[in-house]
Amino acid sequence: MLDLKITGGTIVDGTGAPAFTGDIGVKDGRIAVVGKVADPAQRTIDAAGATVTPGFIDIHTHYDGQAVWDSALAPSSWHGVTSIMMGNCGVGFAPLRPGDADRLVKLMEGVEEIPGTVLYEGLDWRWESFADYLNRLEEMPHAINVAAQIPHDPVRLYVMGDRAAAQQPATEADVAAMKAIVRDALKAGAFGFSTGRTDTHRTSDGKDTPACIADMQEVTGLASVLKGLPYRILSAVSDFDMFKGLERFEPEFDVLEAMARAAGRPMTLTTLERLGNPDQWNHVKRRVEKARAAL
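Residues numbered from 1 in each chain as written. Predicted model: local features only at pLDDT ≥ 70, side-chain atom pairs only at ≥ 80, totals over all residues. Heavy atoms only, no water.

Within the protein chain, the secondary structure is distributed over 10 helices and 11 strands. Classification of the 295 residues of the protein chain by burial places 45% in the buried group. Taking as baseline every contact in the protein chain between residues at least 6 positions apart, the subset at least 24 positions apart corresponds to 71%. A total of about 14,700 Å² of accessible surface is found on the protein chain, and carbon and sulfur atoms cover 54% of it. Separation of charge centres in the protein chain, based on 30 positive and 40 negative side chains, amounts to 5 Å. (Helix = DSSP H or I, 4+ residues; strand = E, 2+ residues; numbered from the N terminus. Buried < 20%, exposed > 50% of the residue type's maximum accessible area, 1.4 Å probe, protein only. Contact = heavy atoms within 4.5 Å. Areas by Shrake-Rupley, 256 points an atom, 1.4 Å probe, with all protein chains shown as cover. Lys, Arg positive; Asp, Glu negative; His and termini not counted. Charge placed at Lys NZ, Arg CZ, Asp CG, Glu CD.)

Below, the structure is given as structure tokens:
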């Protein structure tokens, strides 16, 4: 006896194979059979006219605030997404330096256009460390799976304060302190580390993001914390200064490649195509392929 049988749906199984009409049998929380299912089930769903797919994984979201107050995580959960990754672009709400809540709201509001009034109303700020933030998320059951990266900007603000907000370079002591925070966050359950390196991101009051000018010493130092850790990733968004030509693209990609090598872990990049440079994504693809071939 199956626990659940889904019958007559158009099945897209995620392997790249053509869609087909069939049934799915579920037993003990796992898919037991796909195809023509004759076995009886405690519950049967007629999926004729519907598409049946695996759950989608959205690796780039900004639910960092909403996850604190919304168990449904809509609209993602409405559209077949069963797992989300947040903490992208180097922005988020932990760690929280005492007194810096306003800075983090303006950062998220400016970068992701999430209204500050919503964030002020919904966030209770009952955390300081990233581990505290994860514990706060655990207090609310969510309809879908949630993974969080530790974002660069709050880490930089936590350690450097006004110097970070003014985009000043980090000292060796600053980098050491930031590495300790990232290490503790990864041990607590952070899925990875993210940074943002684009001049299109601004705070809601028009300032550059704190980490957008981080130098090679800082970003490779932070990335190195991931070395040897399983199931952790780096993520970065950069515009690569492509409006200023390839002479700016190559050095910027060198920085990101150095981060990946320092981490010894996979890295995700944002590929861009702009009206002023519609071939930009191809330059990113070329360098990614070159870096992979050199492994």
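From this point, the narrative continues.
Bringing the pairing of strand S3 (residues 30-35) into the picture now. Both faces of the sheet carry side chains from a regular strand, because those side chains alternate between them. Where strand S2 (residues 20-27) lies against S3, 5 bridges are found, and the strand directions are antiparallel. Across the sheet, the residue bridging to Asp23 is Gly35, located in S3. In this antiparallel pair of consecutive strands, S2 and S3, the connection spans 2 residues, and Asp28 shows a positive phi of 55 degrees. (Pairing = 2+ DSSP bridges.)

Overall, parallel pairing links the 6 strands, which are arranged S6-S7-S8-S9-S10-S11 in an open sheet. Whereas interior strands pair on both sides, the edge strands pair on one side only; in this sheet they are strand S6 (56-58) and strand S11 (267-269). Averaged over all pairs of adjacent strands, the angle between strand axes in this sheet comes to 25 degrees, irrespective of strand direction. By the bridge criterion, 4 bridges tie strand S7 (residues 81-86) to strand S8 (residues 145-151) in an arrangement that is parallel. For Ser83, the partnering residue across the bridge sits in S8 and is Asn145. (Axes fitted to C-alpha atoms, helices over the stretch in contact; angles between N-to-C directions.)

Another aspect to go through is the packing of aromatic side chains. Overall, the coordinates contain 7 aromatic pairs when judged by the stated rule. Relative to Trp127, the ring of Trp125 has its centre 5.6 Å away and its plane inclined at 45 degrees; by these criteria the two rings are tilted. In terms of burial, Trp125 and Trp127 fall into one category: buried. Aromatic rings pair up to connect Phe93, Trp125, Trp127, Phe130 and Tyr133 into one cluster. (Phe/Tyr/Trp six-rings, centres within 6.5 Å; stacked < 30°, edge-to-face > 60°.)

Next up on the list: the environment of Trp127. With respect to the helices, strands and loops of the structure, Trp127 is situated in the loop between helix H3 (116-122) and helix H4 (130-138). Residue classification places Trp127 among the buried residues on the basis of a relative accessible area of 5%. Residues Trp127 and Arg286, 159 residues apart in the sequence, show an inter-C-alpha distance of 42 Å. When residues no more than four places from it in sequence are discounted, the contact partners of Trp127 are Val68, Phe93, Ala94, Leu96, Asp132, Tyr133 and Arg136. A polar atom in the side chain of Trp127 sits 2.7 Å from the backbone oxygen of Phe93. (Polar contact = N/O pair within 3.5 Å; in protein donor to acceptor, adjacent residues only side chain to side chain.)

This next bit is on the pattern of salt bridges. In total, this model carries 18 salt bridges according to the counting rule given. Measuring nitrogen to oxygen at the nearest pair gives 3.3 Å for the salt bridge that ties Arg126 to Asp124. Beyond isolated ion pairs, a larger network of salt bridges with shared partners links Glu250, Asp254, Glu257, Arg261, Arg286 and Arg287. (Salt bridge = Lys/Arg side-chain N within 4 Å of Asp/Glu carboxyl O.)

Note: S8 against strand S9 (residues 192-197), 3 bridges, orientation parallel. In the sheet register, Gln149 faces S9, and the bridge partner there is Gly192.

The next subject is the packing of helix H5 (residues 152-160) against helix H7 (residues 172-188). One way to put it is that H5 packs onto H7 with a least axis distance of 9 Å and a crossing angle of 130 degrees. The angle between H5 and H7 falls in the class oblique. The handedness of the crossing between H5 and H7 is right-handed. Between H5 and H7, the contacting residues are Val155, Arg156, Tyr158, Val159 and Met160 on the first element and Asp174, Ala177, Met178, Ile181 and Val182 on the second. Across the contact of H5 with H7, the residue classes break down as 8 nonpolar, no polar and 2 charged. (Parallel < 35°, antiparallel > 145°, perpendicular 65-115°, else oblique. Left-handed = near helix turned anticlockwise from the far one by under 90°. Nonpolar A, V, L, I, M, F, W, Y, C, P; charged D, E, K, R; others polar.)

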